[in-house]
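# Examination of the molecular architecture
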Amino acid sequence: MVEIKYYAFRLKQNQDLKKEIINFTTNKKLSAGFIVTCVGSLKSAKLRLANEEIKEFNQNFEIISLTGTLSQNGPHLHISLADNEGRVIGGHLKEGCLINTTAEVIIGDNENMKFSRKFDQKTNFKELIIS
């Protein structure tokens, strides 16, 4: 039987979204974590775009979606954000995404699996290993 635990927490103004998710994953010793949902707002964002450019944005955004996998040796997280005109941007979540008012985060953990990450020379990234 698959054992999945769910966790919910709220982040407050000026907390870093990625850092706090990493801290939570580490503190709870999640073995095969995943983002269920996240809603809230940011006052600044730092994303790695599809062309691998890292771009910083200093404006308010609504968090439209956050998705990804979590392991003890690193996450892989993608985020979609809407600006004040409803335009959506997205990319790989980097540290530097600061909460504006709040972020409500729901995380699941499959206790029958273990996620880890290992450097892959073909992609030049730490890729997911599932056991």
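For every chain, the first residue of the written sequence is number 1, and numbering continues from 1 along that sequence. Confidence filtering applies because this is a predicted model: local features only for residues at pLDDT of at least 70, side-chain atom pairs given and counted only at 80 or more, and all residues used for totals across whole chains, interfaces and linings. Based on all heavy atoms of the structure, the side-chain values leave hydrogens and waters out of the count.

### Looking at the pattern of salt bridges
Oppositely charged side chains may form a pair once their charged atoms are brought near each other. A side-chain nitrogen of Lys or Arg and a carboxyl oxygen of Asp or Glu constitute a salt bridge if their distance falls within 4 Å. Taken as a whole and assessed by the stated rule, the structure comprises three salt bridges. Here K5 ties to E111 by a salt bridge, and the two come within 3.7 Å at their closest N and O atoms. You can see K5 sitting in strand β1 (residues 4–12) and its partner E111 sitting in the loop between β7 (98–110) and β8 (115–120), a full 106 residues away along the chain. Note on exposure labels: buried denotes an accessible area under 20% of the residue type's maximum, exposed denotes more than 50%, and partly exposed covers the range between, all computed with a 1.4 Å probe on protein chains only. Since its relative accessible area comes to 37%, E111 is described here as partly exposed. D83 is the salt-bridge partner of R87, the closest N and O atoms lying 2.9 Å from each other. By relative accessible area, R87 is classed as partly exposed at 48%. Numbered from the N terminus, helices here are DSSP runs of H or I no shorter than four residues, and strands are runs of E no shorter than two.

### Some points on the packing of aromatic side chains
Two aromatic rings, taken as a pair, are described by how far apart their centres are and by the angle between their planes. Stacked, tilted and edge-to-face pairs are distinguished by plane angle, under 30 degrees for stacked and over 60 for edge-to-face with tilted covering the rest, among Phe, Tyr and Trp rings (Trp via its six-membered ring) whose centres lie within 6.5 Å. For the structure shown, the criterion picks out three aromatic pairs. Seen in terms of ring centroids, Y7 and F24 are 5.5 Å apart; in terms of plane orientation they differ by 75°. Their pairing is edge-to-face. Taken together, the positions of Y7 in strand β1 and F24 in helix α1 (residues 17–28) put the pair 17 residues apart, joining distant regions of the chain. Taking the relative accessible area as the measure of exposure, Y7 reaches 17% and is therefore buried. Plain terms: the ring middles of F57 and F61 are 6.0 Å apart, the flat faces sit at 90° to each other, and that makes the pair edge-to-face. On the basis of relative accessibility, which here comes to 14%, the residue F57 falls in the buried class.

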